[in-house]
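As a plain string of letters, each chain reads:
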Amino acid sequence: MSTRRDFLQKIGLSAITIPFLTESEQMKEQSSNNPKYDGPVLRVAIMGLGGYGTIVAEAMKNCKSAKLTGVISGTPSKIKNWQAKYNIPEKNCYNYENFDAVKNNPDIDAIYVITPNSLHKEQVIRVAKAGKHVICEKPMAINAKEGQEMVDACKKANVKLLVGYRMHFEPKTLEIIRMRKEGELGKTLFFQGLSGFVIGDPTQWRLNAKLAGGGAMMDIGIYSINGARYMIGEEPSWVTAQETKTDPVKFKEGVDETIQFQFGFPSGAVASCLSTYNMNNLDRFFLDAENGWAEMWPSTNYGPIMGRTNKGELNYPHVTHQTVQMEEMSAIILQGKKPIVPVDGEEGLRDLKIIDAVYEAVRTGKKVMLK
Ligand code: NAD
């Protein structure tokens, strides 16, 4: 049976066992534990210098094995700002027209695509054709057909495709997964996932069906879909779903406001989830099993994630998700490390197949069987 220390070492977080330190104290502690890191460094260019791109860039400042070395943006003034802030040379800056030339740039190993959802497919395929590894934000694409094309293109180009599933490296999440895998909870029976917030500005791309590929389900509901799979530890075999729309002006045709959905798993376990753009405080996972239970609330925001089980509070200190994610993705890409929960294109595709099925169940009112 794994000890807590074994477990933290396995996920590359042994330094975070030091309790009661602030985040910046932990960072210092971590870097002093690794005074002279001379391992491989993943050199990353970020495509899409918006809200989340900025969070990733800031988090990467504290990475030892990943470094921001390039940018791709359609806005020259943003490129200038980022160049100054992150010390990026002119030769590593591209726009959406010329980024295929990254093919000949030895300073960039991987491109992290952080643009609106419907742009991911074409951008990821172009990056693959340029021979660079790709990290793509969730949802990987706007449907499974596009996702499959991306997986195929990356395979053909012999580059890795990873999806920005930062929760797959979060210590409390991983501890519950460990407890479930090692039988401490007994047979899993039921998962509840609540994912939602009240979305603001009605003109943003997230409320534009063409750019978002849907509504809350694509953006936030995907956390409950992905969470149901890693908490239960199985793939669903059927889906049912019901949509409610209280504001058809803000949430136009093709943009879902609220969807409740249910899954059945081969073992007999079931899940009941809610995805919404019109209710706050919904970021909660609950797992019920024969001999115990686990609750996370918040379960997927930037943290601190709070988790407890029938055995008590989970007290791992908070880590910056994106820093840990990029360290781990560097190890996956450059050293072939196997993550505990997959973050590859196939994993992104599994969620997209389920999202397709949820939308089909909403449209038809019928139970949709998954292969
Ligand atoms: P954002 O609007 O803040 O940034 C999007 C960026 O894409 C902007 O810089 C914008 O200029 C650029 N862009 C390029 N072409 C565009 C076009 N045609 N229309 C609009 N913008 C265009 O959005 P964001 O919050 O950074 O989200 C980007 C991606 O990251 C989405 O796929 C989203 O789901 C994902 N995301 C993931 C997380 C996470 O925790 N993993 C969090 C937030 C966002």
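Residues numbered from 1 in each chain as written. Predicted model: local features only at pLDDT ≥ 70, side-chain atom pairs only at ≥ 80, totals over all residues. Heavy atoms only, no water.

Participant: Explain the domain arrangement of the chain here, please?
Facilitator: A common measure of how large an interface is: the accessible area buried when the components associate. Here the chain is described as being made up of domain 1 (22-165) and domain 2 (167-318 + 345-369). Relative placement of domain 1 and domain 2: their C-alpha centres are 26 Å apart. Listed by partner, the interface residues are 22 residues for domain 1 and 25 residues for domain 2. Taking both sides of the interface into account, the surface hidden between domain 1 and domain 2 amounts to around 1,900 Å²; carbon and sulfur atoms contribute 60%. When residues of domain 1 are sorted by the area they lose upon contact with domain 2, Lys 138, Ala 144 and Tyr 165 head the list and together hold 34% of the total. (Domains from an automatic or database assignment. Contact = heavy atoms within 4.5 Å. Buried area = accessible area lost by both parts, 1.4 Å probe.)

Participant: In this structure, what is going on with the packing of helix α3 (residues 51-60) against helix α10 (residues 321-335)? I would like to understand it.
Facilitator: Helix packing geometry: the angle between the two helix axes and the distance between the axes. Following both chains from N to C, one finds α3 and α10 inclined at 70°, their axes separated by 8 Å at the closest point. Classified by the angle between their axes, α3 and α10 sit roughly perpendicular to one another. Contact with α3, carried on its side by Tyr 52, Ile 55, Val 56, Ala 59 and Met 60, involves Gln 322, Thr 323, Gln 325 and Met 326 of α10 and no other residues of that element. Per-class residue counts for the contact of α3 with α10 are 6 nonpolar, 3 polar and no charged. (Axes fitted to C-alpha atoms, helices over the stretch in contact; angles between N-to-C directions. Helix = DSSP H or I, 4+ residues; strand = E, 2+ residues; numbered from the N terminus. Parallel < 35°, antiparallel > 145°, perpendicular 65-115°, else oblique. Nonpolar A, V, L, I, M, F, W, Y, C, P; charged D, E, K, R; others polar.)

Participant: Got a minute to help me understand unusual backbone geometry in this structure?
Facilitator: Residue Lys 138 is joined to Pro 139 through a cis peptide bond whose omega torsion reads -15°. One can find Pro 139 in the loop between β5 (133-136) and α6 (144-157). Here Gly 303 and Pro 304 are connected by a cis peptide whose omega angle stands at 0°. Along the polypeptide, Pro 304 turns up in the loop between β12 (292-296) and β13 (307-309). The residue Asn 87 is not glycine, and still its phi comes out positive at about 60°. Looking at where Asn 87 falls in the secondary structure, it is placed in the loop between α4 (76-86) and β3 (93-94). Overall, Asn 87 belongs to the exposed group, its relative accessible area being 69%. Positive phi, close to 60°, is recorded for Asn 158, a residue that is not glycine. Relative to the assigned elements, Asn 158 resides in the loop between α6 and β6 (161-163). Judged by relative accessible area, which is 68%, Asn 158 ranks as exposed. (Buried < 20%, exposed > 50% of the residue type's maximum accessible area, 1.4 Å probe, protein only.)

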